Amino acid sequence: MSAMPRRIGLLAPLSGILVPLERVPDPVFAQRTVGDGVSIDPTSCDVLAPAAGLVTLLHRAAHALAITTDQGVEVLVHIGVDTVSLNGKGFTARVSQGDRVAAGQPLISFDADLIARSAPSLLTQVLVTNRERISGMTVATGLVDAGRSVILDVELAAAAPVDGAPATEATAVSADIRLPNRQGLHARPAAVVAAAAKAFRADIRLLRGADAANAKSVTSILLLATNPNDAIRVSATGPDAAAAVSALAELLACGSGESEAAGPVPAAGPVPAAAAAPAIPAAATDPRRLAGVSASPGVALGKVAQVRRTAISVEEQGAGLERERAHLDAALARARHEISVQRAANSGAASRILDAHLELLADPELIDLAVAGLARGRSAGYAWREAYSSYAARLEALASALLRERAGDVRDVGGRVLGLLAGVTTAPLEFVPGSILIADELTPSETASLDAGAVLGLCTTGGGPTSHAAILARALGLPAVCGVDRAALELEDGTAVLLDGTGGTLLKDPDEAEVAAARAVMGRLAAQRQSERAAASEPAATTDGHRIEIAANIGTAEEAVAAVAHGGEAVGLLRSELLFLDRDTAPDEREQAEVYRAVAAALGRGRRLVIRTLDVGGDKPLAYLPLPPEENPFLGLRGIRVSLERPDLLRSQLRAILTAAALSDVHVMFPMIATLDELRAARRILAEEQAGGASVRVGVMIEVPSAALTAEHLAREVDFFSIGTNDLTQYTLAMDRGNPRLAPLADALHPAVLQLISLTVEAAHRHGKWVGVCGGLAAEPLAVPVLLGIGVDELSVPVPAIAAVKALVRRLSLRHCRDLAREVAGLSTAGEVRARLAQFGKQARPAAAGAGS
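This is a predicted model, so every value here is computed, not measured. (Residues numbered from 1 in each chain as written. Predicted model: local features only at pLDDT ≥ 70, side-chain atom pairs only at ≥ 80, totals over all residues. Heavy atoms only, no water.)

Would you mind showing me how to read the sheet that holds strand β14 (residues 150–156) here?
Consider a sheet: its strands pair through backbone hydrogen bonds, and that pairing is either parallel or antiparallel. Taking strand neighbours across the sheet as the criterion, the 3 strands line up as β1-β14-β12 in an open arrangement whose pairing is antiparallel. The open sheet has two edge strands, β1 (7–11) and β12 (134–139), and neither has a second partner. Taken over all neighbouring pairs, the strand axes of this sheet differ in orientation by 20° on average, direction set aside. Two strands pair when backbone bridges link them, and β1 and β14 are joined in this way by 5 bridges, in the antiparallel orientation. Residue pairing in the sheet places L10 in a bridge with L152 of β14. (Pairing = 2+ DSSP bridges. Helix = DSSP H or I, 4+ residues; strand = E, 2+ residues; numbered from the N terminus. Axes fitted to C-alpha atoms, helices over the stretch in contact; angles between N-to-C directions.)

Structure follows, in C-alpha cells:
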C-alpha cells in the first residue's frame, strides 16, 4: 500500500481575489474561531469542490458545505457573511450530504446579485475546521481561478499514537436547553460553542433526541441542522465534565454569542429605498421615454451627441522581449505623466479617482500579466491589451456592483496606455454647446476632462450610480442617467432630448408642454443654486442676528481651496487618516508636513484649521499597522487608542502638524476620546513635542457617550469640542451603522443622541469653550434648526453643502430654533422628532425668510 501523502493542496472553489481572514467583517471568521484558511471575493457563482472527499455537511440554507478529504481534513466553504438568514434564497445545491465528490466538481450555485444586495458581504471563506489534523498551512494571495489555483497548501499532522483503553471517567448531562438562535446553530454560534468546548479536557457532545454532535467540531455541530427552539442537551465525559456541561449549557441558553432571541426571522437585507420621484412626469408607456437609473440628479434640455471611439489596432507579434518591454515601460511612464498633469488640474473626487488610476499603472499583477505576454513573443500593445482586458473581465464578473464598476477604471487606464503604444493621440472629448452625451460608457478620465460649459448631461447604457464616471458627474453638477435602454445609442446626433437625472429617464423629442415644465424646474433649481452661491461668502447669521460658523470637512489641499471658494469660513475637520490609507507604509514626517502646510496656506491666517490626528481601526484598518484580532474592533483599538499604542506615529504626526502652525490658526483634535486619562496622555505627548516651539489649541471629538457624559471634566482641559454624530449615534444606540438591517434605525435624530449633544454644548459653554458638529447631521437640512437651537457654534459640512447650509441658517430665527429644541427634547422617538422637524422645515422655506425676527 502506498504511503498517505503528507501534504495536500486545496483548490479555489471560486474564481476571484484572495482576502486575508482578518478582513472578513465577522469576528468568528476574522479571529479564526471557525477554522483557519482564507477568504475569496468571488468573480464566479459556482462553488467547486476544493478537494476530493465526502460531503459531510450541506446546510439546509445551502450557504455552507463541508467536505472531509481522504486524509481526514474537514474543509468548510461558507458563502458570504450572515447569509444563513436568507434561508436558502439565492442558493442551489448541486450535491447532497453523503455524496462523494471529485476535486473541481460543482457543489453549490448562487445568485451573486441577490446575495450582494441582501447580505453584509459576499466574501466566501474556505476553512480547515479540524486544525488538529494539520501541522502547517501556506496561504496563497492574489487572483485565483476556480478548480485550478491552489489556495491552501496544507501539511498534515503526524498520526496521534493509539493509547490504551481510557480509565473510567465522570459523566454529566444537562437538562434540555431551548435554542434561542433565530437560525439555529449556524456557523457563527457553532464556532463560539466549539471554541468554548475546546477549553475543557472532557469529551463533550450536543444531543438532540437520538442525534449527537461533537461539541468541539464546528462541522459536527452544523451537521445537527438545528432549528430555533430545538431542545438540546449537553453531555460530557472526563475529569472536568460537570464544569463543561455547566458552561456550555449556559452559553447555549444565552444564544452562543448571538444577542437576538428566537422569534420571526426578519426579512433578508435592507428595505430598499423609495425611488426618486421624476422631476418631469411622463407616461410610463410613452415610446419616446427610455428608462435607466439615476446617476446624478437634475434636469437638462439639449441635443444628442453620440460618443464614438475609433478602435485601436496593434500587431500581435513583437520585435523581441527587450525591445517590447522598453516600449511598454515608456508608455507606462508617459501615461503616469499625463494622469499626473490631469490630476493637478482637478480637485476633490476627480483628483482621488486619478490617484487610483496612477495606482493601477503600478499594479504588479497587471504588469506581470503583460510581461507574461511579452515572454510569449507578443508585441507590447497586444500583450498590454490582453492583460488589461483580462483584468477588467475578472472585475466585471465580481458579485459586488461597486467592484464590477471599477472595471471601467481598468479599461480607461488600459486604453490610455494602448493608445500611447499604438501612437494614437487621445484628445479630450469636445462637443458643441448644449450637448447631452450618449455612450455605451464614459471613462472616468473622459468625464473629468469634459467642458461643463458645453456638456449639459450624460446618458450611458452601461455603468452604474457608483461608477467613477457617475461620481464625477455629481461633482461637476451634471445630470446623468446610467443603464438606459440601448435604443439610446441609435438616436441621431442633434436629436432634441430631455434628460431627467433625478428620475433616471431620457425623453426623445419633448413637446412644448414638456419643454415648458422642464424649463420651470430648471429655473427653480438654478435660481436656488445661484442665490446660494452668490451669498456663499456672506456670514451665516439668523434672522435675529445670531452668527454661526460654517466650516468644511476636507481631506486634501485642493479641497481646502474649494472650501474657501464655496464660502467656507474654516476647516472644521481635516481627515489626516486619508494620508495613511491605501498604501504600504506610513507617510513620513516630511510628507505629512507638506500636506498640512499646503492646506494651511490655502486657508490663510484668518481661517481656523482643525486637524484630526490619525483615526484608524474599526472600519479603517491599515495594512502596515496590523492590529491584534478583536471580537469587536469598534470597541477595541481605535482612534486615539491606536496612537497611544504607537506613540512614535503620534509624535511624528504632531511634529508635522506643528510646522503648519505659522501659516494658519491650527487646532489639533484627538479622535475617539472616551476618558480623561486618554486625553491627558495625548496632551502630554503634544506638550513634549511643542516644548519651546509653536503652540496650538487642542480639542477632542465627542463620539462616545462617556465623553458626552463627562464633558464637564473634559471641557476644563480642552479648547473646543467637535461632535462626530455618526459614531456617537452608533455607540449610543448600540447599532452598527454598517449593518444594512440596522442602518435605517441608527438615526442621529434619536432623542438620546440629541440629549448627549445638548449635554456637551451646555458643559462647554459653562467653561467658555465652543462646540462644532462635523458628522453627517451637520449637513442635514432637517437637523440644522435643532442644532442651532441646542446651541452648537459651528457646523462643519462637505464642501458642496456649504452654500446651501449657510442659506438655510439665514432663513432661521434663533428664538424659534430654541423653542423647537426645547419641544423636541420632550419627544420620545426618532420618528416623532423627524415629523416635528419636517413640519418646522416647511415654515422655514425661502418664502418665510424674514419671519420670526
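Sorry if this is basic, but what is going on with the sheet that holds strand β9 (residues 100–101) here?
The sheet built from 8 strands is open, its strands ordered β9-β5-β6-β7-β11-β3-β2-β13 with antiparallel pairing. Every interior strand has two partners, whereas the edge strands, β9 and β13 (143–144), have only one. Alignment of strand β7 (residues 74–78) against strand β11 (residues 124–128), held across 4 bridges, turns out to be antiparallel. The partner of V77 across the bridge, within β11, is V126.

It is not clear to me how the environment of Q528 should be interpreted in this structure. Could you clarify?
As for its placement among the helices and strands, Q528 is situated in helix α14 (residues 512–534). In sequence terms Q528 and A804 are 276 residues apart; their C-alpha atoms lie 8.9 Å from each other.

Which parts of the structure should I look at to understand the nonpolar core?
What tends to happen in soluble globular proteins is that the nonpolar side chains get buried as a cluster. One finds F670, F721, I757 and L795 to be the most contacted residues of the largest nonpolar core, which totals 95 residues. Broken down by element, this core gets its largest block of residues, 7 residues, from helix α23 (residues 751–766). Once residues within four sequence positions are removed from consideration, L795 is found in contact with I548, E549, I550, A551, V773, A778, V784, L787, L788 and V805. Judged by nonpolar contacts, the second largest core, of 39 residues, contains L18, A49, V101 and F110. (Core = buried A, V, L, I, M, F, W, Y, C linked by side-chain atoms within 4.5 Å. Buried < 20%, exposed > 50% of the residue type's maximum accessible area, 1.4 Å probe, protein only. Contact = heavy atoms within 4.5 Å.)

Any chance you could explain the side chain of R836 here in plain terms?
With respect to the helices and strands, R836 occurs in helix α27 (residues 830–843). What R836 contacts, discounting residues up to four positions off in sequence, is L820, E823, V824 and L827.

Explanation requested: the pattern of salt bridges in the structure shown.
Considering all chains together, one arrives at 29 salt bridges under this definition. Here D203 and R205 are joined by a salt bridge, their closest N and O atoms 3.1 Å apart. Residue D203 is classed as partly exposed on the basis of its relative accessible area, which comes to 36%. We classify R205 as partly exposed; its relative accessible area is 31%. The closest approach of N and O atoms between E589 and R655, which form a salt bridge, is 2.9 Å. Of the two residues, E589 sits in helix α16 (residues 589–603) while R655 sits in helix α18 (residues 647–658), which places them 66 residues apart along the sequence. Judged by relative accessible area, which is 28%, E589 ranks as partly exposed. Classification of R655 as partly exposed rests on a relative accessible area of 31%. What emerges from the salt-bridge pattern is a single network uniting E589, R651, R655, E688 and E689. (Salt bridge = Lys/Arg side-chain N within 4 Å of Asp/Glu carboxyl O.)

I would appreciate a short explanation of the pairing of strand β30 (residues 570–575) in the present structure.
Strand residues, when the strand is regular, have side chains that alternate between the two faces of the sheet. Extensive coverage of β30 is indicated by the burial of 5 of its 6 residues. Pairing between strand β29 (residues 547–554) and β30: 3 bridges, direction parallel. Along β30, the bridge assignment pairs I554 with L574. Between the parallel elements β29 and β30, the chain passes through helix α15 (residues 557–565) in a crossover that is right-handed. In the sheet, β30 pairs with strand β31 (residues 608–612) via 4 bridges, with the strands oriented parallel. Bridge assignment links L574 to a residue of β31, and that residue is I611. (Right-handed = clockwise from strand over helix to strand, strands pointing away.)

Whenever I open this one, the packing of aromatic side chains confuses me. Can you help?
Where two aromatic rings form a pair, the distance of their centres and the angle of their planes describe that pair. Summed over the entire model, instances satisfying the criterion amount to 2 aromatic pairs. Summarising the aromatic geometry, the rings of W384 and Y388 are spaced 6.1 Å apart at their centres and angled 50° between planes, so their arrangement reads as tilted. Note that W384 and Y388 are positioned in helix α9 (residues 380–396) at a spacing of 4 residues, about one turn of the helix. For the pair W384 and Y388, one class covers both residues: buried. (Phe/Tyr/Trp six-rings, centres within 6.5 Å; stacked < 30°, edge-to-face > 60°.)

Explanation requested: the packing of helix α22 (residues 725–733) against α23 in the structure shown.
Two numbers describe a pair of packed helices, the interaxial angle and the distance between the axes. Look at α22 against α23: their axes get within 10 Å of each other, and the N-to-C directions meet at 125°. The angle between α22 and α23 falls in the class oblique. As for the relative orientation of α22 and α23, their crossing is right-handed in sense. Counting all contacts with α22, which are made through T725, L728, T729 and T732, the residues of α23 involved are A752, V753, L756 and I757. (Parallel < 35°, antiparallel > 145°, perpendicular 65-115°, else oblique. Left-handed = near helix turned anticlockwise from the far one by under 90°.)

Whenever I open this one, the packing of α18 against helix α19 (residues 676–689) confuses me. Can you help?
It is at 10 Å that the axes of α18 and α19 come closest, and there the two elements cross at 50°. One finds that α18 runs oblique with respect to α19. Where α18 crosses over α19, the handedness of that crossing is right-handed. Taken together, the residues of α19 that come into contact with α18 (itself represented by P647, L650, R651, L654, R655 and L658) are I685, L686, E688 and E689. Class assignment of the residues belonging to the contact of α18 with α19 gives a composition of 6 nonpolar, no polar and 4 charged. (Nonpolar A, V, L, I, M, F, W, Y, C, P; charged D, E, K, R; others polar.)

Would you mind going over α22 with me for this structure?
Think of an α-helix as turning once every 3.6 residues; residues three or four places apart then point the same way. Across the 9 residues of α22, 7 count as buried, placing the element largely inside the fold. Listed in full, the buried residues belonging to α22 are T725, D727, L728, T729, Q730, Y731 and L733. Those residues of α22 hidden inside the fold are in contact with β33 (697–702), α20 (705–709), β34 (720–723), α23 and β35 (770–773). Just past α22, the residue A734 takes up positive phi, approximately 55°.

Please clarify how the pairing of strand β10 (residues 106–110) should be interpreted in this entry.
Burial analysis of β10 places 4 of its 5 residues in the buried class, the great majority of the element. Judged from the 3 bridges that link them, strand β4 (residues 46–48) and β10 form a sheet pairing that is antiparallel. Looking at β10, one finds that D46 is bridged to S109. The pairing of strand β8 (residues 91–93) with β10 spans 3 bridges and is classified as antiparallel. Paired with T92 across the bridge in β10 is S109.

How should I be thinking about unusual backbone geometry in this particular structure?
The phi torsion at D82 lies on the positive side, around 65°, for a residue other than glycine. Position of D82 among the secondary structure elements: in the loop between β7 and β8. With relative accessibility at 21%, the residue D82 sits in the partly exposed group. Residue A734 is not a glycine yet carries a positive backbone phi of 55°. With respect to the helices, strands and loops of the structure, A734 is situated in the loop between α22 and α23. The class for A734 is exposed, based on a relative accessible area of 68%.

Just to check I follow, could you spell out α15 for this structure?
When we look at burial in α15, the residues that qualify are A557, E559, A560, A562 and A563. Downstream of α15 by a residue or two, G567 has a phi angle that is positive, lying close to 95°.

Please clarify how the environment of G639 should be interpreted in this entry.
Of note, G639 is situated in the loop between β31 and α17 (640–645). Judged by its relative accessible area of 0%, G639 falls in the buried class. Distance from G639 to M672, taken between C-alpha atoms, is 5.1 Å for residues 33 residues apart in sequence. Excluding residues within four positions of it along the chain, G639 makes contact with L614, D615, V616, P671 and M672.

Looking at this model, I keep getting lost on the environment of R208. Mind explaining?
By secondary structure assignment, the location of R208 is in strand β17 (residues 203–208). Sequence spacing of R208 and I232 is 24 residues, and the spatial spacing of their C-alpha atoms is 5.1 Å. Not counting the four nearest positions on each side in its chain, R208 is found in contact with L224, A225, T226, D230, A231 and I232.

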